[in-house]
Amino acid sequence: MTLHEDLVRTVVYQHPQALEAISTHYCPGCTHGIAHRLIAEVIDELGIQEQTILVAPVGCAVFAYDYLAVDGVEAAHGRAPAMATGIKRSLPDRIVFTYQGDGDLAAIGTAEIIHAAARGEHITTIFINNAIYGMTGGQMAPTSLPDQRTTSSPFGRNPAIAGNPIRMTELIAAIEGSAYVVRRSLHNVREIRKAKKAIKTAFRVQQAGLGFAMVELLSACPTNWGLSAPDALKWVEEHMVPYYPLGDYKVLDAVKALEDRE
Amino acid sequence: MTVQLLKGNVAIAEAAVRAGLEAYFGYPITPQTELLEHLSARMVELGRVFVQAESEVAAINMVYGAACTGVRTMTSSSSPGVSLMQEGLSYIAASEVPCVVVDMMRGGPGLGNIQPSQADYFQVTRSAGHGDYHPIVLAPASVQEAIDLTFLAFDLADQYRHVVLLVGDGLIGQMMEPAEMPEMRPIRPRPDWAITGAKGRSKHVITSINLTAEENEAANRRIQARLAVIRAREQRSVEHYIEGAKVLVIGFGTSGRVAQSAVKMAREAGIPVGLFRPVTLWPFPEDRLRALVDDGVEAIVVVEMNAGQMLEDVRLVVGREMPIALHSRLGGAVPLPEDILEDIVAVAQKLGLAGPETVR
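We now turn to the structure provided with this report. Please read these numbers as outputs of a predicted model, since none were measured by experiment.

### Examining the overall build of chain A
Part 1 of the argument: Counting secondary structure elements, chain A contains 12 helices and seven strands.
Part 2 of the argument: The C-alpha atoms of chain A give 18 Å as radius of gyration, which agrees with the globular expectation for 262 residues (18 Å, within 12%).
Part 3 of the argument: The principal-axis extent of the C-alpha atoms belonging to chain A is close to 70 × 45 × 30 Å.
Part 4 of the argument: Within chain A, counting contacts between residues at least 6 apart in sequence, those at least 24 apart form 68% of the total.
Part 5 of the argument: Total accessible area on chain A is roughly 10700 Å²; 55% of this is exposed by carbon and sulfur atoms.
Part 6 of the argument: Once the 23 positive and 28 negative side-chain charges of chain A are each reduced to a mean point, those two points are 4 Å apart.

Written out as structure tokens, the structure is:
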């Protein structure tokens, strides 16, 4: 074997098998594509493509089932954790995950996510927080920041009128039944690598049957924020991270043991 | 099978178990709670799925998820809870997955009361949520019929991959009657369209979104074509004292059951009256009703525990010329046979079918 042949056979990076080889409908600079790819890489690495079931949300990620090469269903707005509960209880040995935006999870679906966590439902939730309603064209989200201008808070979000942004990760972490609840961000390569590690742990928590797992991913929406793609990433770092601090909010000892074995 | 004294709600729950129910999701609401309570023990004993959900909204979406995996699944509720399920029912119908929903109707609107009512007729027969479809709706009038229709509900749901509603009220649900409970059926295999993880096959997707008008019209046409088949094949009704009837009393469920006593009394008084009791509310048993009307019916008395919702379906079948009297009780009130008899006699007298002294 020549040196050259050896090099050709060493694959260091490739298109994940669990990610369909098609273009997405996401806007330029949107971080949904990164989140999808991280999930697909984790599914490949854990070898769970044939046993994984995706519950897609209503929102920009409504067609996530087109992009991930796994069985999928499309939930009603906010109801993904309830639907995932019905699926997981009926197929307890499959890996079931929801992929939900902030409007879906933190507004219309608040009851469903909280009670799925409280039941310790053995599902994994990937929570995309971009502080805006993307699909409907940039309205105020439950996670929009104070003073953030949106098409339904044109003078900036005034908490006295529009209420306060809600920190779901802190809320879910406080619930008995959640096993692994962390917040990560997709605004730079370092954070993306951390995000992937967290997603992998969240799926492994489900495999081990340890309880409910959720990874919040701070995400960019350049189109509806009215920013360039690089500026949108900077906006995540400078405005979102201070309000939504990154970190581990709930990691059961049993989950730490999983991570140590990694 | 032996005859046992069974309470309606418990009988439906046990019938569901024996029909092969694998996953139940529900939320307590009077007057159906015994159904949920019975299943909270039975399903666990049998190693099947029981979840008490945080709301009817969550319960129907859990049913939706379970239905996508191909198991026999159901929920049960009462009118206000069924209102909350409308969104989920619409998604389930659009996704063409089977499920069974029991609605033990109560007096509305609003919180109303827990007394027997049939005021959900429009809510369940017209669409059950947004969009353009009808669920299959079955209406038992006794505990035995509730058991039998529960088995039928699961079979129809599977056969047509559709939503089937079994509607009763507090009387059917709370009443104890002698009835026979069929033996336990084996769990049927999962259908091949189910979401189970794409092992050894291409991936399955179950969704209700069709982005273009063309795609969504095609999806709607497919649903409508299936509904047309259901409408042609699945109309069901029961008749009593129908021979030579010139006056036809029409009522479903509890109303039909009470009206049967009134018709019996009227027959004993010599009035040529019969009872027509729809068992399927959708599809409404229009073919049989039309045949009866063509066979010499001169007037109709509709008995309902609502303001005359089924009457609209009756009117569509019989045309505008047919005289129809409505005996209607509202808000949880139940009709009495004697009161229905008075209406039958009044109609018969107008037609010259009863003398002025007929009323007892």
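We are not done yet, so read on.
### Regarding the overall build of chain B
Part 1 of the argument: The helix and strand inventory of chain B stands at 13 helices and 15 strands.
Part 2 of the argument: Here the C-alpha atoms of chain B give a radius of gyration of 21 Å, agreeing with the 21 Å that 2.2 N^0.38 yields for 360 residues.
Part 3 of the argument: Summarising its shape, the C-alpha atoms of chain B cover approximately 75 × 50 × 40 Å along the three principal directions.
Part 4 of the argument: The 360 residues of chain B split such that 59% are buried.

### What about the nonpolar core?
Part 1 of the argument: If you look at the biggest cluster of nonpolar residues, it comprises 124 residues, and the most contacted ones within it are B:Leu289, B:Ile300 and B:Val314.
Part 2 of the argument: When residues of this core are assigned to their parent elements, the largest contribution, 11 residues, is made by helix α7 (residues 143-160) of chain B.
Part 3 of the argument: Of the domains in this structure, domain 1 (3-233) and domain 2 (238-350) of chain B are the two that each give at least three residues to this core.
Part 4 of the argument: Apart from residues lying up to four places away in sequence, B:Ile300 is in contact with B:Leu248, B:Ile250, B:Val293, B:Val314, B:Val318, B:Met322, B:Pro323, B:Ile324 and B:Ala325.
Part 5 of the argument: Formed by 43 residues, the second largest nonpolar core is a distinct cluster that contains A:Ile128, A:Leu186, A:Val251 and A:Val255.

### A look at the packing of aromatic side chains
Part 1 of the argument: Considering all chains together, one arrives at nine aromatic pairs over all chains under this definition.
Part 2 of the argument: Centroid distance A:Tyr243 to A:Tyr244: 5.0 Å. Interplanar angle 70°. Geometry classified as edge-to-face. The two residues A:Tyr243 and A:Tyr244 agree in class, both being buried.
Part 3 of the argument: A network of ring pairs unites the aromatic residues B:Tyr121, B:Phe122 and B:Phe252 as a single cluster.
Part 4 of the argument: The positively charged end of A:Arg167 is found above the aromatic ring belonging to A:Tyr243, 3.8 Å away from the centroid.

### Some details on the sheet that holds strand β15 (residues 324-328) of chain B
Residue and element names in this part refer to chain B.
Part 1 of the argument: In space, the five strands of this open sheet follow the order β10-β12-β11-β14-β15, with mixed pairing throughout. Both outer strands of the open sheet, β10 (237-240) and β15, are each paired with one neighbouring strand and no more. Within the sheet, the average angular offset between the axes of one strand and its neighbour, ignoring direction, is 20°.
Part 2 of the argument: Two strands pair when backbone bridges link them, and β10 and strand β12 (residues 273-278) are joined in this way by four bridges, in the antiparallel orientation. Bridge pairing in β12 links Ser237 to Pro278.
Part 3 of the argument: In the packing of helix α12 (residues 309-318) onto the sheet, the strands contacted are β11 (247-250), β12, β14 (299-304) and β15, and the crossing angle to β14 comes to about 155°.

### Examining unusual backbone geometry
Residues and elements named next belong to chain B.
Part 1 of the argument: With omega at 10°, the peptide bond leading from Thr30 into Pro31 counts as cis.
Part 2 of the argument: Summarising the element assignment, Pro31 is placed in the loop between β2 (23-26) and α2 (33-45).
Part 3 of the argument: Across the junction of Gly108 and Pro109, the peptide omega takes the value -5°, indicating a cis bond.
Part 4 of the argument: Within the element layout of this structure, Pro109 appears in the loop between β5 (99-105) and α6 (121-127).
Part 5 of the argument: Within the chain, Glu96 stands out as a residue other than glycine whose phi angle is a positive 60°.
Part 6 of the argument: Relative to the helices and strands, Glu96 resides in the loop between α5 (86-95) and β5.
Part 7 of the argument: By relative accessible area, which is 11% here, Glu96 ends up buried.
Part 8 of the argument: Its identity is not glycine, yet Tyr241 carries a phi of approximately 55°, on the positive side.
Part 9 of the argument: Relative to the assigned elements, Tyr241 resides in the loop between β10 and β11.

Conventions and cut-offs
Residues numbered from 1 in each chain as written. Chains lettered and ligands numbered in written order. Predicted model: local features only at pLDDT ≥ 70, side-chain atom pairs only at ≥ 80, totals over all residues. Heavy atoms only, no water. Helix = DSSP H or I, 4+ residues; strand = E, 2+ residues; numbered from the N terminus. Rg over C-alpha atoms; globule rule 2.2 N^0.38 Å. Contact = heavy atoms within 4.5 Å. Areas by Shrake-Rupley, 256 points an atom, 1.4 Å probe, with all protein chains shown as cover. Lys, Arg positive; Asp, Glu negative; His and termini not counted. Charge placed at Lys NZ, Arg CZ, Asp CG, Glu CD. Buried < 20%, exposed > 50% of the residue type's maximum accessible area, 1.4 Å probe, protein only. Core = buried A, V, L, I, M, F, W, Y, C linked by side-chain atoms within 4.5 Å. Domains from an automatic or database assignment. Phe/Tyr/Trp six-rings, centres within 6.5 Å; stacked < 30°, edge-to-face > 60°. Lys NZ or Arg CZ within 6 Å of the ring centre and 35° of its normal. Pairing = 2+ DSSP bridges. Axes fitted to C-alpha atoms, helices over the stretch in contact; angles between N-to-C directions.

Function cannot be inferred from these measures alone, as they are strictly geometric.
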